[in-house]
Amino acid sequence: MERPSRRGLLGGAALVAGAVTVSASPARAAASSGVPITGPVTVYPGDPRYQELTVGYNQRWVGAPDYVRVVSSTAQVVAAVQEAVDAGKRISVVSGGHCLAPFVFNSDVDVVIDLSGLDEVYFDQQRGAFAVEGGARLSGVYDTLFKKWGVTVPGGMCPTVGIGGHATGGGYGFLSRQFGAVIDHLAAVEVVVVDRSGTARAVTASRDPADPNRDLWWACAGGGGGNFGIVTRFWFRTPGTSGANPGRLLVNPPKDVLLSAVGIPWSLLDRTKFATLVTNWGAWYEAHAAPDSPARILSGVASLAHRSSGNVFLLTQVDATAPDAARILGDYLGALTAGLGADAVVAAQPAQRLPWLRAVKLIAASIPSFINPTLRGSSKSAYLRRSYTAEQAGAMYDALNRTDFANPAAAVTLAGFSGGAINAVPATRTALAHRDAAFWTLFETQWQDPAADAANIGWLRDLYGAVWAATGGYPVPGDQADGCYINNPDPDITDPAFNRSGVPWQTLYYKGNYARLQQVKAAYDPRNAFRHAQSVSLP
């Protein structure tokens, strides 16, 4: 039985209805005072845990490593890396396990280093920043940061995503237009690297211009996971903050948000009306992409699932504490549905005012596939500076209305998580180069039966290729498009049979920042110990 996509039903959520500073003692510091850290666990084939630890979120990719090492300290990561390097074994690393491509689990990998035991979140008094260990998952990060200090990072919606992959690729969510990407609050990283002699060691790199390791921090701030080493710890602190109160050193999310869900039945959308909805959506974000836009308090997604799902959905979140929040939301929904006709929007609910963390958990809980461990999937992405054209929207319509393919989990999701505060940061300040986009798009399908692989993968390739036919099948950076998101890696991007644009995949992911990433690679991973099918290459 097909399941809804984890992003395909975002708008179908059934929406229901001054922080106190708390001092926290880091578990790792306590361990040095005599509280033991759990020792590393090595899981070999034949162990009942092996099968669980050698497959990620995407069930298409299954590994067969010699063993999995589950670690719970930086020292254990250093030892695990050293052991593998000495034995000449290929390494991969997993934090949350949501890599959608076969970068972690594949036949070339000999050793998987699993960071799930490294999951503490605490305030580091010495650094004056919030430490988040590399195996922490977003649900725990949000819970701990907010409940103890009233702060957060502006990250994504899926609770089981690991901070390791999310942050190194940039990290976006409903608060990003208002507060920036996750990495815009990244103060420092601790990374286990391997030098030219084959020696593993932990290096701390910060955004301090005087830090001799600053380039490593820069590369870890948007350069993607698995490229330079293993990030065992992130420190977050918003630039420009000061003082001794931790609750003022990182983003304070809105006390309340307005959450709106609007459904539009497919039966009321012909090709022209569908194109109107898509172009309206893109035009709004294009018009409100500036860092100083008053509408940066609003972010939304348009979940355009296959016709077999019954409806398309608009899910929107607005900072309810901001002036004119209700008016901004009303104007937004009016702009998106303009030209559709008075009878088109029939599944709307009044926007509900909810505490921020409750809204985060509600969105996550309303999407069963966020935590569904049985799914197979394929996805592609695109950044947009300008709205889709009517022709491109028509290509989406044709694919989403195919009668020879009916999967309600197959969707185009327009994600309004770019623009606003993200665009206030120069493209070269971090490795995340996509700093003038208005929004991005996820093209995705998910399924369960391996026999459905060819149909789903073929459908997605046809859809994506048709939307980007004018630029060789991929969103080449230019006036309208701005490349692809590294956190939605696409195996086809390196294949000239599908990427006929003539633009290298490195440019699509990193634009002009790739050459500098290669220099960081040469400095911190000269032996190419950390690599995968689309990793940064040595110069």
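Reading the values: rules and limits
Residues numbered from 1 in each chain as written. Predicted model: local features only at pLDDT ≥ 70, side-chain atom pairs only at ≥ 80, totals over all residues. Heavy atoms only, no water. UniProt positions renumbered as here; feature names shortened; annotations may be inferred. Axes fitted to C-alpha atoms, helices over the stretch in contact; angles between N-to-C directions. Helix = DSSP H or I, 4+ residues; strand = E, 2+ residues; numbered from the N terminus. Parallel < 35°, antiparallel > 145°, perpendicular 65-115°, else oblique. Left-handed = near helix turned anticlockwise from the far one by under 90°. Contact = heavy atoms within 4.5 Å. Nonpolar A, V, L, I, M, F, W, Y, C, P; charged D, E, K, R; others polar. Domains from an automatic or database assignment. Buried area = accessible area lost by both parts, 1.4 Å probe. Salt bridge = Lys/Arg side-chain N within 4 Å of Asp/Glu carboxyl O.

For the protein, the name recorded in an unreviewed UniProt entry is FAD/FMN-containing dehydrogenase, with Nonomuraea jabiensis as its organism. Under the UniProt heading Cofactor (unreviewed entry), the note attached to the protein is "FAD". On record in UniProt, under Sequence similarities (unreviewed entry), the comment for the protein is "Belongs to the oxygen-dependent FAD-linked oxidoreductase family."

Novice: Looking at this model, I keep getting lost on the packing of helix α8 (residues 271–287) against helix α11 (residues 390–400). Mind explaining?
Specialist: Working note: a packed helix pair is described by the angle between its axes plus the distance between those axes. One way to put it is that α8 packs onto α11 with a least axis distance of 9 Å and a crossing angle of 120 degrees. In this view, α8 runs oblique relative to α11, as classed from their interaxial angle. Between α8 and α11 lies a crossing of right-handed hand. Mapping the contact onto sequence places R271, F274, A275, V278 and T279 in α8 and A390, A393, G394, A395, M396, Y397, D398 and L400 in α11. Residue composition of the contact of α8 with α11, grouped by class: nine nonpolar, two polar and two charged.

Novice: Sorry, what's going on with the domain arrangement of the protein here?
Specialist: Accessible area lost during the coming together of the parts is what is often quoted as the interface size. In terms of domains, the protein is made up of domain 1 (41–114), domain 2 (121–252 + 515–524) and domain 3 (256–512). Computed over C-alpha atoms, the centres of domain 2 and domain 3 are 26 Å apart. Listed per partner, the contact involves 37 residues of domain 2 and 43 residues of domain 3. Both faces considered, domain 2 and domain 3 share a buried interface measuring about 3000 Å² in area, 62% of it formed by carbon and sulfur atoms. For the domain 2 face of the interface with domain 3, the top three residues by lost area are Y172, F174 and R177, together amounting to 35%. Put simply, domain 2 and domain 3 have two salt bridges between them.

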